[in-house]
Amino acid sequence: MYRGLNLMGYRISGSKCLTVCLGLTFLMGCFIASLPIVPSESANLQLSTSQSKKLAIIVPFRDRFEELLEFVPHMYKFLNKQKIPFHIFVVQQKDNNRFNRASLINVGFIYTRNNYEYIAMHDVDLLPLNDKLSYEYPKNGPIHISSPQTHPKYHYDTFIGGILLIKREDFELVNGLSNNYWGWGLEDDEFYVRLKDAGLKVSRPEGITTGPENTFKHIHDKSYRKRDMRKCYNQREVTRRRDRRTGVHDVAYNLHSSHNVSIDSLPITVINVELICNKDLTPWCQCPEPKVKKN
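Here we summarise the structure given alongside this text. Keep in mind the model is a prediction, meaning the values are calculated, not measured. (Residues numbered from 1 in each chain as written. Predicted model: local features only at pLDDT ≥ 70, side-chain atom pairs only at ≥ 80, totals over all residues. Heavy atoms only, no water.)

1. Some details on the packing of aromatic side chains
So, point 1. All chains considered together, the criterion is met by eleven aromatic pairs.
So, point 2. Geometrically, the ring pair formed by Phe89 and Tyr116 is edge-to-face, given 5.4 Å between the ring centres and 85° between the ring planes. Here Phe89, found in strand β4 (residues 86-93), pairs with Tyr116, found in the loop between α4 (101-112) and β5 (118-122); they are 27 residues apart in sequence, far enough to count as distant. When sorted by exposure, Phe89 lands in the same class as Tyr116, which is buried.
So, point 3. Aromatic pair Tyr154 and Trp184: ring centres 6.4 Å apart, planes at 35°, arrangement tilted. Here Tyr154, found in the loop between β7 (143-144) and β8 (163-167), pairs with Trp184, found in the loop between α5 (168-173) and α6 (187-197); they are 30 residues apart in sequence, far enough to count as distant.
So, point 4. Overall, the relative accessible area of 32% leaves Trp184 in the partly exposed class.
So, point 5. Looking at Lys53, its charged tip hangs above the ring of Tyr137, at a distance of 5.3 Å from the centre. (Phe/Tyr/Trp six-rings, centres within 6.5 Å; stacked < 30°, edge-to-face > 60°. Helix = DSSP H or I, 4+ residues; strand = E, 2+ residues; numbered from the N terminus. Buried < 20%, exposed > 50% of the residue type's maximum accessible area, 1.4 Å probe, protein only. Lys NZ or Arg CZ within 6 Å of the ring centre and 35° of its normal.)

2. Some points on the pattern of salt bridges
Charged atoms that come close allow side chains of opposite charge to pair.
So, point 1. Going through the model one piece at a time under the given rule, you end up with 15 salt bridges.
So, point 2. A salt bridge links Asp125 to Arg64; the shortest N-O distance between them is 3.3 Å. Taken together, the residues span a long stretch of sequence, with Asp125 in the loop between β5 and β6 (126-128) and Arg64 in the loop between β3 (55-61) and α3 (65-82) at a distance of 61 residues.
So, point 3. The class of Arg64 is buried, set by a relative accessible area of 17%.
So, point 4. Between Lys217 and Glu70 there is a salt bridge; the shortest N-O distance is 2.6 Å. Placement of Lys217 in strand β9 (residues 216-218) and of Glu70 in helix α3 is noted, with a sequence separation of 147 residues between them.
So, point 5. Judged by its relative accessible area of 39%, Lys217 falls in the partly exposed class. (Salt bridge = Lys/Arg side-chain N within 4 Å of Asp/Glu carboxyl O.)

See the structure below:
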């Protein structure tokens with residue numbers, strides 16, 4: 001029996017058939033190799049996501065819902081322009097102690113550190129207006145967004161309050177913030193000393209042409225909500241010194257609950273926290289109201 005291939009009217013023997021097949025395979029391989037390689041959209045998205053650093057915006061909070069209603073839509077609009085992958089975590093203090101901004105930030109960091117590479121310590125009443133204020137990953141050290149040159153109220157050189165970006169490793173390096181600061185003020189000044197002692201240089205945005213009047217919108221109404229600036233027991237003496245004992249490693253709290261909620265259809269996470277006060281160390285966590293003198 002004659003074995004061969006009938007190709008376009010020609011009979012080809014077995015050996016010649018093999019030669020033709022190999023030739024066609026070679027030509028097809030060359031053609032495929034010459035085609036440009038275009039990654040699919042899903043591959044591009046996966047690559048972009050793997051290279052992005054996620055930002056946790058930590059907002060220490062108590063009873064400022066009208067400010068939060070303005071803060072969330074503003075920050076979504078502002079950061080979406082920069083294509084920053086972020087989520088807002090509102091750490092709400094739910095106890096009878098005085099407000100402790102530093103401890104709430106410590107709790108927020110603990111809650112987010114496994115899934116986010118850096119945090120923004122962010123006041124709820126300070127809204128960035130200048131699009132050149134970048135919230136990108138602070139790879140070279142902490143970045144103070146609300147610099148003394150542009151903050152609406154505070155202008156001293158060592159001020160780092162309001163909005164500060166810091167990566168996870170740097171926050172852990174300095175042991176977070178001191179837990180000694182109940183009431184308003186000074187916790188960010190102590191944190192500046194921690195950063196300095198650790199050799200971390202704080203940088204600030206460059207090329208900002210706006211000033212204190214139009215770089216941020218400050219929505220705090222001091223006539224409606226007065227700051228708790230009382231000092232009692234030995235609070236003034238202790239909080240003027242560098243705290244080398246407390247920090248994120250020993251912040252005492254109970255996590256009551258966490259809820260994923262939406263404001264104007266924009267998702268945020270609310271973390272309800274009870275801060276625990278050691279009254280032997282910081283009795284000023286509950287400061288008696290001053291007695292009113294009777295005439």
